[in-house]
Every structure is written in C-alpha cells, then in structure tokens.
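Chain by chain, the residues run as shown.
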Amino acid sequence: MSEFAVVWQHRDLILHGFENTLIIVALSAAGSLVLGALLTIPLMSRNAVLRGAATAYVDTMRCVPFLLFVYLLYFGLPSLGLRFDNWTAGIIALLIYNSAYMGELLRASWADLPKEQIEAGHAFGFSGWRLFRRIILPPVLFSALPLIGNQLIQIVKDSAFLTIIAVAELTHEATSLQTTYFVPFASFVAAVFLYWLTCVTIEGTIGYANRYAEERR
Amino acid sequence: MTFHDYLSIAHGALATVSISLVSIALGVPLGLGLALIRWSRLPILNPLAAAYVSVIRTCPSVTLALLIFFALPEIGVSLDPVPAGILTLTLSTAAFNTEIWRGALMNFPREQYEAALSFGMRRGVRFRRIVLPQIVHSSLPALVNEMTLLIKSSPAVAVLGIVEITRAAIRVGARTYEPLPPFVFALVLYSLIVFLFVKTQRIVERRYAQAEALA
Amino acid sequence: MLNVATAPLQQPAVAADERPVVLEVAGLSKSFGANVVLRDISLQVRKGETVCLLGPSGSGKSTLLRCMNWLEEPDGGAVLLGGQRVGVRPGSNLRMSDRDLAAMRTRVGMVFQHFALWPHMTVLQNIMEAPVHVLKRNKAEVRREAEALLQRVGLADKMDSFPARLSGGQKQRVGIARSLAMKPDVILFDEPTSSLDPELVGEVLNVMQDLAREGMTMVVVTHEMSFARDVANRVVFMDGGYIVESGVPEEFFGAPKSDRARQFLARYARG
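Conventions we followed
Residues numbered from 1 in each chain as written. Chains lettered and ligands numbered in written order. Predicted model: local features only at pLDDT ≥ 70, side-chain atom pairs only at ≥ 80, totals over all residues. Heavy atoms only, no water. 1 Å grid on protein atoms, 1.4 Å probe; cavity = no way out; pocket = protein on both sides within 12 Å on 5 of 7 lines; lining within 4 Å. Points joined across faces, edges and corners; volume = space filled by probe spheres on them. Nonpolar A, V, L, I, M, F, W, Y, C, P; charged D, E, K, R; others polar. Pairing = 2+ DSSP bridges. Helix = DSSP H or I, 4+ residues; strand = E, 2+ residues; numbered from the N terminus. Axes fitted to C-alpha atoms, helices over the stretch in contact; angles between N-to-C directions. Parallel < 35°, antiparallel > 145°, perpendicular 65-115°, else oblique. Left-handed = near helix turned anticlockwise from the far one by under 90°. Contact = heavy atoms within 4.5 Å. Buried area = accessible area lost by both parts, 1.4 Å probe. Salt bridge = Lys/Arg side-chain N within 4 Å of Asp/Glu carboxyl O. Polar contact = N/O pair within 3.5 Å; in protein donor to acceptor, adjacent residues only side chain to side chain. Patch = residues over 30% accessible without salt bridge, like charges linked within 9 Å, V, L, I, M, F, W, Y side chains within 5 Å. Areas by Shrake-Rupley, 256 points an atom, 1.4 Å probe, with all protein chains shown as cover. Buried < 20%, exposed > 50% of the residue type's maximum accessible area, 1.4 Å probe, protein only. Core = buried A, V, L, I, M, F, W, Y, C linked by side-chain atoms within 4.5 Å. Phe/Tyr/Trp six-rings, centres within 6.5 Å; stacked < 30°, edge-to-face > 60°.

J.: Help me understand empty space enclosed by the protein, please; the structure alone is not making it clear to me.
T.: Rolled over the atoms, a probe as big as a water molecule pinpoints where empty space is left. All names here are of chain C. As enumerated under the stated definition, the model contains 1 cavity of 30 Å³ or more in all. Around the largest cavity sit Met 68, Asn 69, Leu 81, Val 86, Met 104, Arg 105 and Val 108, which together line it. Of the residues belonging to the lining of the largest cavity, the class tally is 5 nonpolar, 1 polar and 1 charged.

This is how it looks when you write it as structure tokens:
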C-alpha cells in the first residue's frame, strides 16, 4: 500500500515518538520499581498507622483511572500554583501510579517468602536497612520477576495516555503523521507494531532473566 | 460548580460505565469463542487468534481507539464515536478474556472429559453441561478482575470525542475557568465506581475461595 | 548411623561445675494467647556443654530455644548471655533496641529446622555474609575461614553452588558452617534433622558430634535419641511447659525418675 510508503518516508517522526516512549517507559519503570521497593517497608510495617497510610495509597491508585489522574495533574494542579510542563506531569503521574502497583506486588512477594530465611537474618545479627537490603529485597525481586514484567508492559501501555496532554510520544506522533499526510491506517499500524515489539522484547528479557532468577529462589 | 455541572459529570460517568458494560457483555463470550478456537487448534483460525491476542494485549487502548476510528473507514467501515469506542474496548477485553478462558480450558481435568465421552455424550451436550459450567466457575474471579480493569481504562475512549466523563469534566472546567474542582469530582466519582466493582470482586473471590476449600 | 568414635569425649580440664555459664534462662514464661507454653523455666548452660532438650510435641522445647536468642519474646523471666541480659536494656525493663539486640545475636549461633539458607547467595556467600556485613570483618580473611569451614563439613566442592541445588543434608551442613563462621559463644540447634530424609540424618549428626567433641557449647532440640544418649553432656526433658527431668544421659535413659519420662522413652524405645 502506498500509505506505508508515505509512512516509511516520514519514519523519523514515528521513530522520534517511539524513542520518547522508550525514554518515558525507562524513567517510569526504574523510578516506580525503586519507589515500590521502598514502599514495601511501610506496607509490611508493624506500625498500624504507617501500614494504613501506605495501604490507602495503594488502594486509591488501584481505583483511580489513569487518564483522569493525568488530567488532574496537568490541568487541575495549576489552580493550586503547581505548574508542570506536560513531560513532567506525565512522568510524575506514571511514577505515582505505578509505584503503588510495584509496591503491592513486591509486598505480596515479601509476604510469601519463607519466614525462616528472614529469621535467620535476624538470628545472625542483621537488622534494619541491612536486613532489608541484603536478606529480604533480593529474594523478593527474584521471585516477583514475572509480575514486574507484567507491570512493565502496563507502563508501556499507560504511556500512550500521555498523548492526551500532547507529549510527543509514539501515539501522538502517529496521530500527527496521519493528520498531516492522511495515512491513518499505516500510521497507527506502525505504532501498534512498535508497541507490540517493545512488549514482546520485555517479555523475552524477563523470560531470560527468569532463568537466572530461578536458581536463586 | 453548579448542580448542573455535577450532574453533567455524573451523566458522563454513566455514559462511560454504560459503554464499559456493553463491551464486557460482548467481550466475555468473544473471549470464550477465541479460546475455544485456540484450544481445538482449528487450522488458519488458531494462529490468527493467537496473533490477535498477542497484538491486542500489548496495544494501548488509546492507540487502538484511534486506529479503529480513523483507519477503519479506509476499508469501508465507518463508525460513529460511540460504536468505535465500544468496539475498541470489546476487542481489548476479549484478548485478555481469551487467555483467562484458555487457562481454565487447559486446566480442565481430563478425566471428567473422558467420563463424559464414555457415557456417549456428544460434543454439544458435553460442552454445554460438563465443560462450560466448570470453566465458568474457575474463570470467574479472573474475569471479574478483568472487568474491573476495563472499567478503569475505559476513559481512554475520550480521545474519540465521545461525551463521557473526561469530556464532561473538561467542558465544565473550560466554562468556569476553574479546572480543578470538576476534575477532582470526576476522579473521586469514577474511583468510587471502580471501588464498588473492586469490592464486588473481593466478595466473588472470597465466595469462590470458600467453595474451592469445601470442594 | 551415627558413628560413635572409639576415643572417649575429652575430659574437661576444669571441673564441670566450675566452667563459666555461657547462657542462662531464669524464670522464663511464655504464652501464645490462651496457650501457656513455658512455665517458670530455669536453666544454665556451661561452656563446652552439649545440652539436649527432649520432649513430646508441644512441650515448649522449641519455644525455649527461640527465647534464648529472643526470636520469641518471653512474657516473664530473663535470658542472660555471658551474664548480660538479652532483649532488655540493662537496668530497666524496656525492650532493647533492634541494633543492640542484633549485636548480641552475633554471639549466638542458630541452626534451623528448614535450613533457612539465603537462596540468592551461593554456599560460600551464605557463610561469608554475616561476618562480612554484620561483623565488618576483612573479606579475604573471612573467605579463607569460610573455605576451611566448608572443607571441615565436607562440602568444599559445593562452594559456588546455590542452595536450590543442594540436598537437605548438604544444606544443613552449610547451615552449621554458616553459624561457625561467626565464632559464637553457643550454637542453638532447632530440630536440625527433623526435615531430613532418614539417610541424610547421619551426615549432619556426625558434624554435630565433631563439634561437641571439640568443645563447642551447644543447645539442641531434637528427636534423635541416639544423639542425645551418645553425645549430650546433659539431657533436659520437658513436658507441658515444665522441665520435668534433667540429668546426664545415662541416668535419663537408663533410669528415668518420672512417669512422664518413662512414657516418653517407651514410645521412642528404638531411638
């Protein structure tokens, strides 16, 4: 189809959007994984107030539709004096939203760890941050790997919502291309293909990493 | 914000939920059909179904909505925004449902199937009375979970210009020059709706877990 | 089967009662909800002793062991390690800080029923982990000691393997080496062979017997009567949360003083 020829001719637009999507996903994924890991501490805390607050945050993010959340951060917050540019608002939204999900899945993984190996940590004199970082966190990450992979795919898909606030990611650039050159089919098919490729790569990498992780579970 | 403003946002929420419910009603059986195609390994259709599931599961709702609305007219299928939105959500949820149904079919105890065969049951009866009730039972928690996720992601169809909750909130904000209150109201209202679904889901899960424990 | 060596256990240079008390438990009580598990337990463990805690399930022996390193917090009474109170700040009744408790625990080794090796580390890393990261010792030095310990328990070739690849008996021997690496004042063994297939029990008991013979102070909760009879210096029999009987193995196994001990031994006649 000649449509695809047109898209190929202007492929740098699509690729530019794809590149931005990858940057957004990388930043949000890394950030939400780190924040989620830290979030497990209050989620598993014996302190009921701390645990309650963290759980409330997680439960809220599970009920909040991401699109409305993005809108709120970008269009609504300026009334309170908080003005973000669209990239910042988008990434902050992704971070706040996905840290909750990462935190919850890592917490579930922590709760499933055999109690004895954590007890052994206590018995050998580990406590506090050292216990968390060296004894608890690595097994949690290894056993949660498949779920982390799923969440990464979710982040890729959520990144597309940022088109609504005019962030120049893949979907936005594909829309731009199709309105300029009247090639909607080829344009969006190209975008869908690139999303598919990204997610399949993530799945493959996680599958590969899983083999490494299984020995260490 | 006037009472009318609240009402229009609530009306928008209703529109979004209605679209979601229609998509759920269509997507659950569609997922079952595709799962059966995959399970019985029909030639040509099986790899097509597999490709469909793989592509749509990794496709953002927004992009899919735009593809359906803007690209389908090229092959002659010109849809209004609302049907396009329903189609988007249906195709999306059906892809996830396919995997859920497929899991239930693959975990179906072989012996029960063989028992049905040995009693001379023919395929239609076998499926309707033995297989289907049980896979419905074992799939239900996951299906309800997917329904909740669909409700949550359905504001994506706002990109098609449908007047639903997102658009309603934008309109109110544009009129009053105070975007924060309508967005907060929309967010809270819709989150409550999702919360109700999540609560229902928990009840369903608990009841099914109890049934499993007793079984 | 347990290989009982021909050489007798070393006679202590110091008379038994004059050796220092390494671990002491005084008036310990503990309940889980309405269930009273320990009632006024008092016990002293002297340096070089191997004390075996025996008793039927639910007698409180595991709970007592776990109170010794404060993995369980008793409701009443005291635990003393080398004269210092464990779990409680000196001169008060306030709970010790986590950091101080952790520091005390480095002096008490523990071997767990289900091995409790850290799955994300190799065998060698498991042994080196606490000495390097808790005691802050020199890594090269710890590594040499760890390799020597692995040699000693017969697992030098498994140094770089992950726990997932080891048998139960191998895992437990690593667990013992891991405790030894900390050079503790006493090692607590919580049913060390209960999770093992019968043919793997012997290899672990042999290592424990060697340790006892070398003078390590050990408190062992076990169902292995042959070990208690042949290796322990003292046997403590518990039932229903009380210490019912305590004495040298010859007395306990040969001429038990209480009915409950007799009943218990009858059930374990084959040992």
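J.: Would you take a moment to explain the sheet that holds strand 4 (residues 76–81) of chain C for this structure?
T.: By way of backbone hydrogen bonds, the strands of a sheet pair with one another, either parallel or antiparallel. All names here are of chain C. Ordered in space as 2-1-4-5, the 4 strands form an open sheet in which the pairing is antiparallel. Each end of this open sheet is capped by a strand with a single partner; those strands are strand 2 (35–46) and strand 5 (84–85). Relative to strand 5, strand 4 runs antiparallel, the two sharing 2 bridges. The partner of Leu 80 across the bridge, within strand 5, is Arg 85.

J.: Quick question: what am I supposed to make of the packing of helix 1 (residues 3–39) of chain B against helix 6 (residues 123–153) of chain B here?
T.: Between two packed helices, the angle of one axis relative to the other and the distance separating the axes together describe the packing. All names here are of chain B. Where helix 1 meets helix 6, the axes come as close as 11 Å, and the angle between the chain directions of the two elements is 135 degrees. By the angle between their axes, helix 1 is oblique relative to helix 6. Helix 6 is crossed by helix 1, and the crossing has right-handed handedness. For the pair helix 1 and helix 6, contact is made by Ser 20, Ser 23, Ile 24, Val 28, Leu 32 and Leu 36 and by Phe 127, Leu 132, Ile 135, Leu 143, Met 147, Leu 150 and Ile 151, respectively.

J.: Sorry if this is basic, but what is going on with the interface of chain C and chain A here?
T.: Contact residues are listed per partner, giving 31 residues for chain C and 20 residues for chain A. Area buried by chain C at its contact with chain A is led by C:Trp118, C:Pro119 and C:His120, which between them contribute 25% of it. Our count for the chain C to chain A interface comes out at 3 salt bridges. Between C:Arg165 and A:Glu215 there is a salt bridge, with its nearest N and O atoms 2.9 Å apart. Where chain C touches chain A, the interface holds 8 residue pairs in polar contact (both at pLDDT 80 or more). Elements with a minimum of two residues in the side of chain C that touches chain A: helix 2 (98–105), strand 6 (108–111), helix 3 (123–133) and helix 5 (168–180) of chain C. Per-element accounting of the side of chain C that touches chain A gives the leading share, 4 residues, to helix 2 of chain C. For the side of chain C that touches chain A, the class distribution of residues is 16 nonpolar, 7 polar and 8 charged.

J.: Even after reading the chapter, I still don't get a nonpolar patch on the surface, so can you show me in this structure?
T.: Residues and elements named next belong to chain A. There is a patch of nonpolar side chains on the surface, built from Val 34, Leu 35, Leu 38, Ile 41 and Trp 129 and spanning about 470 Å² of accessible area. Note on placement: Ile 41 falls in helix 2 (residues 11–43). Taking the relative accessible area as the measure of exposure, Ile 41 reaches 35% and is therefore partly exposed.

J.: So what exactly am I meant to see when it comes to the sheet that holds strand 3 (residues 50–54) of chain C here?
T.: Residue and element names in this part refer to chain C. A sheet is described by the order of its strands in space; here 6 strands give the open sequence 6-7-8-3-9-10, paired in mixed fashion. The outermost strands of the open sheet, each flanked by one partner alone, are strand 6 and strand 10 (242–247). Here the average twist between neighbouring strands, direction ignored, is 20 degrees. Sheet contacts for helix 5: strand 6 and strand 7 (186–190); angle to strand 6, the most-contacted strand, approximately 175 degrees.

J.: Would you mind showing me how to read the nonpolar core here?
T.: Where a protein is soluble and globular, its nonpolar side chains tend to be buried together. All names here are of chain C. Counting residues in hydrophobic clusters, the biggest one holds 170 residues, and the most contacted among them are Leu 23 and Leu 64. When neighbours within four sequence positions are excluded, Leu 64 is seen to be in contact with Val 25, Leu 28, Leu 38, Ile 41, Leu 43, Leu 53 and Met 238. Leu 155, Ala 177, Phe 189 and Leu 265 belong to the second largest nonpolar core, which has 49 residues in total.

J.: Help me out: how do you make sense of the packing of aromatic side chains in this one?
T.: Here a ring pair, both rings aromatic, is described through the centre-centre distance and the interplanar angle of the planes. Within the structure shown, the criterion is met by 20 aromatic pairs over all chains. Ring centres of A:Phe124 and C:Trp118 lie 5.7 Å apart, and the angle between their planes is 70 degrees; on these two criteria the pair is classed as edge-to-face. With one member in each of two chains, A:Phe124 in the loop between helix 6 (115–123) and helix 7 (128–143) and C:Trp118 in the loop between strand 6 and helix 3 form a pair that bridges those chains. Accessibility expressed as a relative area gives 3% for A:Phe124, which makes it buried. Aromatic side chains B:Phe69 and B:Phe70 sit 5.1 Å apart centroid to centroid with 75 degrees between the ring planes, which places their arrangement in the edge-to-face category. Three or more aromatic residues joined by ring pairs form one cluster here, namely A:Phe66, A:Phe69, A:Tyr97, A:Tyr101 and A:Phe161.

J.: I'm lost on the interface of chain A and chain B in this one. Help?
T.: The accessible area lost on association of the parts is a frequent measure of interface size. Tallying the contact residues gives 37 residues for chain A and 35 residues for chain B. Here chain A packs against chain B, burying approximately 3000 Å² in sum over the two surfaces, 75% of which is carbon and sulfur. Looking at the side of chain A facing chain B, the largest losses of area belong to A:Cys63, A:Leu68 and A:Lys157, adding up to 20% of the total buried there. Taken together, the links from chain A to chain B amount to 0 salt bridges. Linking chain A with chain B are 7 residue pairs in polar contact (both at pLDDT 80 or more). When contributions to the side of chain A that touches chain B are tallied by element, the ones reaching two or more residues are helix 3 (48–63), helix 4 (66–76), helix 5 (86–111), helix 9 (170–181) and helix 10 (184–214) of chain A. Looking at the side of chain A that touches chain B, the element that brings in the most residues is helix 10 of chain A, giving 10 residues. Partitioning the side of chain A that touches chain B into residue classes produces 27 nonpolar, 6 polar and 4 charged.

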